[in-house]
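Results of the structural survey
Given next are the chains, with one letter for each unit.
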Amino acid sequence: MTLYDYDLFVIGGGSGGVRASRMAAATGARVALAEEYRMGGTCVIRGCIPKKLLVYASQFSENMKDAAGYGWDFGDAKFDWPTLIANKDKEIARLEGLYTKNVLAAGATIIQDRAVFEDPHTLRLLNSGKTVTAEKILIATGNHPTREMGTSHVIPGGNLCITSDEAFHLKQLPKRILIAGGGYIALEFAHIFHGLGAHVSLIYRGQKPLRGFDDDLRDAVCDSMQARGLEVLLGSEFTKLEKRGDRLHAETNKGGMIDCDQIMLAIGRMPNTMALHVEKAGVELGMRGEVKVDDYSRTSAAHIYAVGDVTDRVQLTPVAIHEAMCFVETAFKDNPTKPDYLNIPSAVFSTPEIATVGLSEEKARLRGHNIDVYKSSFRPLLHTLGGREVRTMMKLVVDAATDKVLGCHIFGDHAAEIIQIVAVALKMRATKKDFDSTMALHPTAAEELVTMRQKSYSKTP
Ligand SMILES: Cc1cc2nc3c(=O)[nH]c(=O)nc-3n(C[C@H](O)[C@H](O)[C@H](O)COP(=O)(O)OP(=O)(O)OC[C@H]3O[C@@H](n4cnc5c(N)ncnc54)[C@H](O)[C@@H]3O)c2cc1C
């Protein structure tokens, strides 16, 4: 006789929770998953997927401009926001259905409810009021956009602003929008709204957006945004936000005054552990409210694990999925497996894109490498007839002693598609010589990566 209702109870039906429940159920375990909102979680409902659909929508305006140089005339092109949002919502609902179907097909039970801890093995389902017990529990509750700068500074008037959650459901396209933040979500939405025709200002308190990315990428995207007509306000923050009639009024520490239709905060995300009552289960939280875990995603309670954004490690969908798969190996297959965080590729879906894998020039030097840098900046073939002054930048950071490629950084069209495959090469510990001995595929932008013979410069740590 089993002591508990389930072998595994998963809290959260997002990228991590869905993968863990499917894989654990496939081992024969009795699995239940609670989701309080919509199956698929942030990535599917209000993150990666809807965002990329909006990115595609935003790029048609530039594509149409480029097309003129190729002989096309589309006449008076018009864009309709409600059509885009309705079509996006239809696709998201389809994906949500697929996620639900796949979890059920794996033999797991889905409970549409909010689950909170009652004791180390018991969860209360808030809507139904019922309790369930489980031998093992996985916390995969994700995170949410914050309206606070740092840990304490609440933005004055921050409640007037939207976050990315609401941006996906605006009734109409703002004519003028102010976006606060310097991370990838802020930059992506700045490009989305700009491409769709809004006047966009980006306000960021740091000196350059995209902290942690290679400096050349950060400079390239800043220059490109300004050249495209986006207003970029660096070293700036709000001192006042207020509603004036139908519009919003913002004032900055640099004396700037901006009137706009919407203000979007993309200033960070906080783990979803509020009112989860993890203390009743002996689960420790970190300073930001993240669930503290060991190398195997195990919390301070031995039978409770946590994966994905709620642990505040690397906040990306493939990482949450990888952590979930390692968790199932560890907890259900008697094969303790640590997630591997080396060489995680990542992208910013700006226009054009940024994509990166491995060490930035700055990080490579901080880690004590003597480096050789190979850099190339060129006008992509598309834009020769297209006519716009757009440039692509590619950069390889190479360890001078071993010739190993430590990092690859691209700013240009299709950068993310290219970097995914470069990540395979880095995983295989490719050297610059391996890149050089690879046959180029012509005419492409990516061929530049295997034809950069001339070292741009060398640097010591
Ligand atoms: C705008 C945006 C764009 C993004 N773009 C990308 C991208 O391009 N590429 C990329 O890799 N990543 C991207 N991400 C990040 C990615 O979405 C997350 O890293 C990923 O979704 C994390 O998965 P998760 O399982 O940890 O959490 P989530 O997917 O957030 O899932 C957590 C789920 O738990 C549910 N939940 C919370 N508390 C409870 C509770 N007590 N009971 C029941 N259910 C609960 C929530 O409703 C949610 O559905 C983006 C994120 C955002 C916000």
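Above this note sits the structure.
Glancing now at the pattern of salt bridges. Applying the stated criterion across every chain yields a total of 34 salt bridges. Across the salt bridge formed by lysine 375 and aspartate 216, the nearest N and O atoms sit 2.9 Å from each other. A residue pair is termed long-range when its members are at least 10 positions apart, and lysine 375 in strand β21 (residues 371-378) and aspartate 216 in helix α7 (residues 215-228) qualify at 159 residues. A salt bridge links lysine 333 to glutamate 329, with the nearest nitrogen and oxygen atoms 3.4 Å apart. A relative accessible area of 38% places lysine 333 in the partly exposed class.

Read from one edge of the open sheet, 3 strands run β13-β14-β15, paired in antiparallel fashion. One side of each edge strand has no neighbouring strand; the edge strands of this open sheet are β13 (238-244) and β15 (257-260). Ignoring strand direction, the axes of neighbouring strands in this sheet form an average angle of 20°. Of the pairings in the sheet, the one linking strand β14 (residues 247-252) to β15 comprises 4 bridges and is antiparallel in character.

Time to look at the environment of valine 232. As for its placement among the helices and strands, valine 232 is situated in strand β12 (residues 231-234). Distance from valine 232 to lysine 208, taken between C-alpha atoms, is 9.8 Å for residues 24 residues apart in sequence. When sequence neighbours within four positions are dropped, the list of residues in contact with valine 232 reads Leu202, Met225 and Gln226.

So, on to the packing of aromatic side chains. Taken as a whole and assessed by the stated rule, the structure comprises 7 aromatic pairs. Judged by centre distance (6.0 Å) and plane angle (80°), the ring pair of phenylalanine 327 and phenylalanine 332 falls under edge-to-face. Put simply, the rings of Trp81, Phe168, Phe189 and Phe193 pair up and form one aromatic cluster. Here the guanidinium or amino end of lysine 136 rests over the ring plane of phenylalanine 332, the centre of that ring lying 4.8 Å away. For the cation-ring pair, lysine 432 lies above tyrosine 374, with the distance from its terminal atom to the ring centre recorded as 4.1 Å.

As a further point, take the state of the cysteines. Formally, a disulfide is one covalent bond, and it connects the sulfur atom of one cysteine to the sulfur atom of another. Applying the stated criterion to the full structure yields 0 disulfides. Cysteine 326 takes part in no disulfide bond, and the closest cysteine sulfur, belonging to cysteine 43, lies 18 Å away. Given a relative accessible area of 5%, cysteine 326 falls into the buried group.

Rules and cut-offs
- Residues numbered from 1 in each chain as written.
- Predicted model: local features only at pLDDT ≥ 70, side-chain atom pairs only at ≥ 80, totals over all residues.
- Heavy atoms only, no water.
- Salt bridge = Lys/Arg side-chain N within 4 Å of Asp/Glu carboxyl O.
- Helix = DSSP H or I, 4+ residues; strand = E, 2+ residues; numbered from the N terminus.
- Buried < 20%, exposed > 50% of the residue type's maximum accessible area, 1.4 Å probe, protein only.
- Pairing = 2+ DSSP bridges.
- Axes fitted to C-alpha atoms, helices over the stretch in contact; angles between N-to-C directions.
- Contact = heavy atoms within 4.5 Å.
- Phe/Tyr/Trp six-rings, centres within 6.5 Å; stacked < 30°, edge-to-face > 60°.
- Lys NZ or Arg CZ within 6 Å of the ring centre and 35° of its normal.
- Disulfide = S-S within 2.5 Å.

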